[in-house]
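Here's the letter readout for the chains.
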Amino acid sequence: MPAVGWDIGGVNTKMARVDGGAVTAVVGRPFEIQRDPNALVPLLREMLAEAGIADAVPHAVTMTAELSQLFRTKRDGVRFVLDSVEAAFPGASVHVYTVDGRFLTPADAREHPLSVAAANWAATARAVAVHHPDALLVDIGTTTTDLVPIVGGEVVAVGHTDPERLMSAELLYTGAVRTPAEAIASYVPLGNGLAGVSAEGFALAGDVHVWRGDLRPSDYSCPTPDGRPATRDFAGERLARVVCADREMLDETAITRVAEALARAQIRSIRSAMQRVLEPHPSIQVAVVTGLGAFLGVAAARALDLEVVSLSNQLGEAGARCAPAVAVALLLEGQRRVVPS
């Protein structure tokens, strides 16, 4: 039977349908839950309708939205997400993925919120492990980077909760769009020297990568810092303000130097975290790279002389950008094929 997977985040919600192990539909929407929480239920319904899927299909759910500042605790966030899913699809069969690789009913997930909070990385890693038994999963989205070691077909991550994963460098808060410039580097080249980066939220990573051509303006899925369009020209204006200048003061070459310095710094931070995660696992020589920021992962992996495999080769470009949603759907479908009902 086909299955639908959901990856419900604080700033993006993604859905995928799989049938017989093949990805047959993918829908992703930028959605900041903190801004309009009541819009989540209609959003879920709209996404399912856009994909032409009937409610009767079983749903696999993973989430990161519980970390939103909308919620005072992760327990509150998990409850809200599950209430929304059940309100959107009343009577549907809903299965919630856990960090340790199980599916729980929504009722059980509410009782054990930390077992399902931010479990999307674990779903992607276990799906990847089927085809790549010794690999480092590198999943770079709009906001964060997941680095998950896989050895002998098993996920061998040190951390399980977000705080543990931040401590182990398996979770890195740098992404292709939403990361502020001042969180990437403290200094950038200007003229014959270096200028400190202003900590005023003038530009984001999305401006860097749109300017350099690694992202399309349509990939810039969050509001820009100045409210102006996500075009290359306006990205350049925002990057000029990183050093408290403007486009009348900085020409294209100067802006490019700022953008390239920020991109290099971001790749260095990812590479450094990868080295730390890989140190106990010398058998890993392959990086399986996915996400909107896959180009960053490719650069970091190649700097470490790893063989690079793009998950898009297996899931398609759209599926790779929504890998956790695809993964939970694949895992649920596989389980239902081998476990008697």
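Figured I'd write up the structure that's included with this text. Since this is a predicted model, take the numbers as computed values, not measurements. (Residues numbered from 1 in each chain as written. Predicted model: local features only at pLDDT ≥ 70, side-chain atom pairs only at ≥ 80, totals over all residues. Heavy atoms only, no water.)

**Observations concerning helix α9 (residues 252-278)**
And then number 1: Given a rise of 1.5 Å per residue, 27 residues ought to cover 39 Å, and the 38 Å separating the end C-alpha atoms of α9 matches this to within 8%.
And then number 2: One side-chain oxygen of the residue at the start of α9 lies 3.2 Å from the amide nitrogen of T253, identifying that residue as D251. (Helix = DSSP H or I, 4+ residues; strand = E, 2+ residues; numbered from the N terminus. Expected span 1.5 Å × (residues − 1). Polar contact = N/O pair within 3.5 Å; in protein donor to acceptor, adjacent residues only side chain to side chain.)

**Focus on the pattern of salt bridges**
And then number 1: By the definition in use, this model includes 18 salt bridges.
And then number 2: The salt bridge involving D83 is made with R110; its shortest N-O contact spans 2.8 Å. Of this pair, D83 sits in helix α2 (residues 74-88) while R110 is found in helix α3 (residues 106-111), placing the two residues 27 residues apart along the sequence.
And then number 3: Classification of D83 by relative accessible area gives partly exposed; the value is 38%.
And then number 4: Looking at R110, the relative accessible area reads 19%, which means it is buried.
And then number 5: Within this structure, D207, D226, R228 and R238 form a network of salt bridges that share partners. (Salt bridge = Lys/Arg side-chain N within 4 Å of Asp/Glu carboxyl O. Buried < 20%, exposed > 50% of the residue type's maximum accessible area, 1.4 Å probe, protein only.)

**So, the sheet that holds strand β4 (residues 59-63)**
And then number 1: As summarised here, the arrangement of the six strands in space is β3-β2-β1-β4-β5-β6, forming an open sheet in which the pairing is mixed. The strands lining the two open edges of the sheet, one partner per strand, are β3 (22-30) and β6 (103-104).
And then number 2: Bridging between strand β1 (residues 3-8) and strand β2 (residues 12-19) involves six bridges; their strand directions are antiparallel. Note that in β2 the partner of A3 across the bridge is V18.
And then number 3: Running over the sheet, α2 touches β1, β4 and β5 (94-97) and is turned about 155 degrees from β4. (Pairing = 2+ DSSP bridges. Contact = heavy atoms within 4.5 Å. Axes fitted to C-alpha atoms, helices over the stretch in contact; angles between N-to-C directions.)

**Section: the side chain of R110**
And then number 1: Polar side-chain contacts of R110 include one of 2.8 Å to the side chain of D83.
And then number 2: Among all residues touching R110, those that are not within four sequence positions of it are R75, R79, L82, D83 and E86.

**Regarding the nonpolar core**
And then number 1: Formed by 34 residues in total, the largest nonpolar core has its most connected members in Y97, V288 and L311.
And then number 2: Of all the elements in the fold, those that place two or more residues in this core are β2, α5 (120-129), β7 (135-140), β8 (145-151), β13 (286-290), α11 (312-321) and α12 (323-338).
And then number 3: Contacts of L311, omitting those with residues within four sequence positions, involve V128, V288, V289, T290, G316, A320 and A323.
And then number 4: Membership of the second largest hydrophobic core comes to 32 residues, among which are V41, V81, V85 and A109. (Core = buried A, V, L, I, M, F, W, Y, C linked by side-chain atoms within 4.5 Å.)

**Overview of unusual backbone geometry**
And then number 1: Backbone geometry at A118 places phi at a positive 50 degrees, although glycine is not the residue there.
And then number 2: In this structure, A118 sits in the loop between α4 (113-116) and α5.
And then number 3: Overall, the relative accessible area of 4% leaves A118 in the buried class.
And then number 4: Backbone geometry places A169, a non-glycine residue, at a positive phi of 70 degrees.
And then number 5: Relative to the assigned elements, A169 resides in the loop between α6 (162-168) and β10 (171-172).
And then number 6: Judged by its relative accessible area of 7%, A169 is buried.

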